[in-house]
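Single-letter residue listing:
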Amino acid sequence: MIITVTLNLALDVTYQVPAVDWDGVNRVSAVHRRAGGKGVNVARVLAALGRDVLVTGLAGGPTGRAIEADLKSARLPTALYDIAGDSRTTLAVSGTDNTALFNEPGPEVASAELTGFIRHFEALLTSADAVVLSGSLPRGVPSDTYATLAALATERGVPSIVDADGDPLRHAPEGRPSILKPNADELARAVPGGTPAEGAQALRGRGAQAVVVSMGADGLLAVTGEGTYAARMPYTVRGNPTGAGDSLVAGLALGLVEPDPWPDRLRRAAALGAAAVATPVAGEFDPDVYADIHPQIIIT
């Protein structure tokens, strides 16, 4: 079973519009409301691929109840930890050629609530084959929390992936995660100056076992203990990029539980990320796009 951890769970609302007039009235052609947060998106993709998953994280208030209800309706197993604050809502406005995101900061989490969740997480590790730690942290949660959770998994022999930004990413190597997955901008903020390969190697030097950098249409860069690899995309998929990184992480998570060599892991991950762009909402991927682009991805 793969456990996905989303400490800042959200109710994701997506508005599809032909074009956005920021000074006028916009008519929405379609509305999607569903449970979200990066770990939830990862779990949806893994479940669609036939893997056993468990969604955990912090949820509270009316929004938290709506999130849990949607997860149950989607038949995604959950082990959420209840908090007093109301969970957040996010808004994506998706036009023909671009998408704007509006992310609320999330609830204030008390120290006792976080301590309770960490104990909850430790209990869940007994049945985990791999763990995905991803997304922003709500207020009150220390920036080294992903490092703490990754260290607990590492101590128990459970491989982990951390997908984060800012201080949580800078601290994450201390937990010795199996994979860190920043995008190019997140990596540049975490390790200013130098090339992506140098930045990734610097994070490995701090404790991460491997670093996979997503670079949009330019593909992936992976710096691992077995060598450095690049995945080059054969063409650009147009659509909604929201959730593409989460689909990519789902592919990497599969590589932690299946003994595939790095080139195969990266090809699958890159193809899933591209196939996610072709869908209107995060947590889904287009199987036809995946089947077409997967064999064309070049690994060097």
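Our structure's up above, just so we're on the same page.
These figures come from a predicted structure and were not determined experimentally.

1. Looking at the packing of helix α8 (residues 244-257) against helix α9 (residues 262-277)
Turning to step 1, where the next piece is worked out: At a minimum axis separation of 7 Å, α8 and α9 run at an interaxial angle of 155°. Accordingly, the angle class assigned to the pair α8 and α9 is roughly antiparallel. Crossing of α8 over α9 shows right-handed handedness. Two secondary-structure elements touch here, α8 through A244, S247, L248, G251, L252, L254, G255 and L256 and α9 through W262, R265, L266, R268, A269, L272, G273, A276 and V277.
Turning to step 2, where the next piece is worked out: Of the residues that constitute the contact of α8 with α9, the class distribution is 11 nonpolar, 4 polar and 2 charged.

2. Overview of the environment of A66
Turning to step 1, where the next piece is worked out: Mapped onto the fold, A66 is located in helix α2 (residues 61-73).
Turning to step 2, where the next piece is worked out: By relative accessible area, A66 is classed as partly exposed at 32%.
Turning to step 3, where the next piece is worked out: Distance from A66 to I179, taken between C-alpha atoms, is 32 Å for residues 113 residues apart in sequence.

3. So, the packing of aromatic side chains
Turning to step 1, where the next piece is worked out: Summed over all chains, the structure comprises 4 aromatic pairs.
Turning to step 2, where the next piece is worked out: Measuring from ring centre to ring centre gives 6.2 Å for F285 and Y290, while their planes differ by 65°; the resulting arrangement is edge-to-face.
Turning to step 3, where the next piece is worked out: Cluster of aromatic residues (ring-pair linked, three or more members): Y81, F117 and F121.
Turning to step 4, where the next piece is worked out: Positioned over the ring face of W262 is R265, at 4.5 Å from the centre of the ring.

4. Description of the side chain of S134
Turning to step 1, where the next piece is worked out: Summarising the element assignment, S134 is placed in strand β8 (residues 130-134).
Turning to step 2, where the next piece is worked out: The exposure class assigned to S134 is buried, which follows from its relative accessible area of 1%.
Turning to step 3, where the next piece is worked out: When near neighbours in sequence (up to four residues on either side) are disregarded, S134 contacts V5, T6, K38, G39, Y146 and D163.

5. Things to note about the sheet that holds strand β3 (residues 30-36)
Turning to step 1, where the next piece is worked out: Taken in spatial order, the 4 strands make up an open sheet running β3-β2-β6-β7, and their pairing is mixed. If you trace the sheet from one side to the other, it starts and ends with β3 and β7 (99-103), each paired once. The mean inter-strand angle of the sheet, taken between neighbouring strand axes irrespective of direction, is 15°.
Turning to step 2, where the next piece is worked out: Bridge analysis of strand β2 (residues 10-16) against strand β6 (residues 88-94) gives 7 bridges, and the strand direction is parallel. Paired with Q16 across the bridge in β6 is S94.
Turning to step 3, where the next piece is worked out: Contacts from helix α1 (residues 38-48) reach β2 and β3, with the element oriented near 95° to β3.
Turning to step 4, where the next piece is worked out: Along the sheet, α2 makes contact with β2, β3 and β6, crossing β3 at roughly 95°.

Cut-offs applied
- Residues numbered from 1 in each chain as written.
- Predicted model: local features only at pLDDT ≥ 70, side-chain atom pairs only at ≥ 80, totals over all residues.
- Heavy atoms only, no water.
- Axes fitted to C-alpha atoms, helices over the stretch in contact; angles between N-to-C directions.
- Helix = DSSP H or I, 4+ residues; strand = E, 2+ residues; numbered from the N terminus.
- Parallel < 35°, antiparallel > 145°, perpendicular 65-115°, else oblique.
- Left-handed = near helix turned anticlockwise from the far one by under 90°.
- Contact = heavy atoms within 4.5 Å.
- Nonpolar A, V, L, I, M, F, W, Y, C, P; charged D, E, K, R; others polar.
- Buried < 20%, exposed > 50% of the residue type's maximum accessible area, 1.4 Å probe, protein only.
- Phe/Tyr/Trp six-rings, centres within 6.5 Å; stacked < 30°, edge-to-face > 60°.
- Lys NZ or Arg CZ within 6 Å of the ring centre and 35° of its normal.
- Pairing = 2+ DSSP bridges.

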